[in-house]
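# Structural features, examined
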Amino acid sequence: MKIFNSIQEFIPTTKTIVTLGTFDGVHKGHKSILEKLTNSSKQSGCESVVLTFFPHPRMVLQQNSDLKLLNTMDEKAALLEKEGIDNLIIHPFDMAFSRLTAEEFVRDVLVEGLNIAKIIIGHDHRFGRNRTANIDDLIRFGEEYGFEVEKISALAIDEVSVSSTKIRHALNEGHIDVANSYLGYPYFINGNVVEGKQLGRTIGFPTANIQPTESYKLIPANGVYVVSSELDGKTVHGMMNIGTRPTVNGTGTTIEVHYLNFNEDLYGKPVKVNFHHRLRNEVKFESFDALKLQIEKDRLDTIAWFEKQNS
């Protein structure tokens, strides 16, 4: 898959079949649309193009938006590549782009910029300045400029929008199992291992302190989770705590992973952590000893969860 950082960077050598959207999560609903795109491009001998935007339009158009995203841009690109897309265009979204009229968007972006043969788009898609144009306008432009419009059904589009909303809500509530069922893969975060206070070492549970690579990445609700990572080429199981560490009067939210049967130094290294299951809420314990007993129970519960998956 080729990646372009603007529409201007993309120089089409053949006709293209295009879909556009934010594709946050690249979840099951998105995949049905992407499958249509790749199948259609193969049948017609055109190249497939996904046009997406960064920052997310809501971050630009709603100044007070505290929107958190399911994927960073790098994560999204990696997920889209797995779907067999030929070209990914990540166009900078700003106020000037949002003010393009519908015809300017069609003529300058789709026709001249992308050399479009066909666009695959939701039946309720709105575009152009103030989102005033609809699918009927797009079909009319298609007739004028010589490209086809394939409408995605109401059912498929509903699946996409409902899924994105439900995934975010599920993660904010700590319902990892629900989020993963919509995503079709374990939710994950990428980050770097940074130095923490090393309190875990004092009770026999050293942890890797994770600093997410992007501040806009959605972090699931506070609590203890069953997780895994690929470390040194092998899958390593672990348990993660997201929270404020109330037992030791912590300040600010930390993300800490205790990996089972892994003792290598991870400081300064990038890690990807996959979420599989939520064990419990974060709790303030009466003593350090009580905390240690609970962590040991969490460890046993984590081992049991993975054993159950493999049985």
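Parameters at a glance
Residues numbered from 1 in each chain as written. Predicted model: local features only at pLDDT ≥ 70, side-chain atom pairs only at ≥ 80, totals over all residues. Heavy atoms only, no water. Helix = DSSP H or I, 4+ residues; strand = E, 2+ residues; numbered from the N terminus. Expected span 1.5 Å × (residues − 1). Buried < 20%, exposed > 50% of the residue type's maximum accessible area, 1.4 Å probe, protein only. Contact = heavy atoms within 4.5 Å. Salt bridge = Lys/Arg side-chain N within 4 Å of Asp/Glu carboxyl O. Pairing = 2+ DSSP bridges. pLDDT = per-residue confidence, 0-100. Axes fitted to C-alpha atoms, helices over the stretch in contact; angles between N-to-C directions. Polar contact = N/O pair within 3.5 Å; in protein donor to acceptor, adjacent residues only side chain to side chain. Core = buried A, V, L, I, M, F, W, Y, C linked by side-chain atoms within 4.5 Å.

This paragraph deals with helix α7 (residues 154-173). Here α7 spans 28 Å end to end across 20 residues, near enough to the 28 Å set by a 1.5 Å rise per residue. Inspection of α7 places Ala156, Ile157, Val160, Ser163, Ser164, Ile167, Arg168, Ala170 and Leu171 among the buried residues, and these make up the whole buried set. The inward-facing, buried residues of α7 contact α1 (28-44), β5 (116-122), β6 (148-152) and α8 (176-183). At the exit of α7 stands Gly174, carrying a positive phi of roughly 85°.

All told, the structure shown has 8 salt bridges when counted by the stated rule. Between Lys217 and Glu75 there is a salt bridge, with the nearest N and O atoms lying 2.7 Å from each other. A residue pair is termed long-range when its members are at least 10 positions apart, and Lys217 in the loop between β8 (208-212) and β9 (223-231) and Glu75 in helix α3 (residues 73-82) qualify at 142 residues. Each member of the pair, Lys217 as well as Glu75, carries the same accessibility label: buried.

Moving on to the pairing of strand β12 (residues 270-280). The sheet contact formed by strand β7 (residues 188-194) and β12 spans 5 bridges and is antiparallel. Note that in β12 the partner of Gly191 across the bridge is Val271. Here β9 runs beside β12; their pairing, made up of 5 bridges, is antiparallel. Note on β12: the bridge partner recorded for Val226 is His277.

This part covers the confidence of the model for the chain. Residues with a pLDDT of 70 or more make up 95% of the chain, whose mean pLDDT is 90. Highest mean pLDDT in the chain belongs to strand β1 (residues 2-4) (98); lowest belongs to helix α9 (residues 199-202) (54).

Further remarks concern the sheet that holds β5. Taking strand neighbours across the sheet as the criterion, the 6 strands line up as β1-β4-β3-β2-β5-β6 in an open arrangement whose pairing is parallel. Both outer strands of the open sheet, β1 and β6, are each paired with one neighbouring strand and no more. With direction set aside, neighbouring strand axes in the sheet form an average angle of 20°. Taken together, the 6 bridges between strand β3 (residues 47-54) and strand β4 (residues 87-92) define a ladder with parallel strand orientation. Among the inter-strand pairings, Phe53 is bridged to a residue of β4, identified as His91.

Attention now moves to the sheet that holds strand β10 (residues 234-243). Remark on secondary structure: sheet strands pair via backbone hydrogen bonds, oriented parallel or antiparallel. Around the barrel, 6 strands lie side by side as β7-β8-β11-β10-β9-β12; this closed barrel has antiparallel pairing. If you compare each strand with its neighbour and ignore which way they point, the axes differ by 45° on average. Relative to the sheet, α8 contacts β9 and β12, its axis offset from that of β12 by approximately 125°.

Time to look at the side chain of Glu256. Among the secondary structure elements, Glu256 is positioned in strand β11 (residues 254-259). Using a relative accessible area of 14% as the deciding quantity, one classes Glu256 as buried. At 3.3 Å, the side chain of Glu256 forms a polar contact with the side chain of Thr207. Among the polar contacts made by the side chain of Glu256, one reaches the side chain of Thr254 at a distance of 3.5 Å. Ignoring sequence-local partners within four residues, the contact set of Glu256 consists of Thr207, Ala208, Asn209, Met239, Met240, Asn241 and Arg245.

Further remarks concern unusual backbone geometry. With an omega of 0°, the peptide bond between Phe54 and Pro55 qualifies as cis. Summarising the element assignment, Pro55 is placed in the loop between β3 and α2 (57-61). The backbone of Asn130 shows a phi angle near 60°, a positive value even though the residue is not glycine. Its location among the elements puts Asn130 in the loop between β5 and α6 (135-145). The phi angle at Arg131 is positive, at roughly 55°, despite the residue not being glycine.

Another aspect to go through is the nonpolar core. Core analysis: the largest hydrophobic core is formed by 53 residues, its most contacted members being Met240, Tyr259 and Phe275. Sort the elements by how many residues they give to this core and α7 lands first, with 6 residues. With near-sequence residues (within four places) excluded, Tyr259 lies in contact with Ala208, Ser229, Leu231, Val236, His237, Gly238, Leu266, Val271 and Val273. Counting residues in hydrophobic clusters, the runner-up holds 29 residues, among them Val109, Leu114, Ile119 and Val149.

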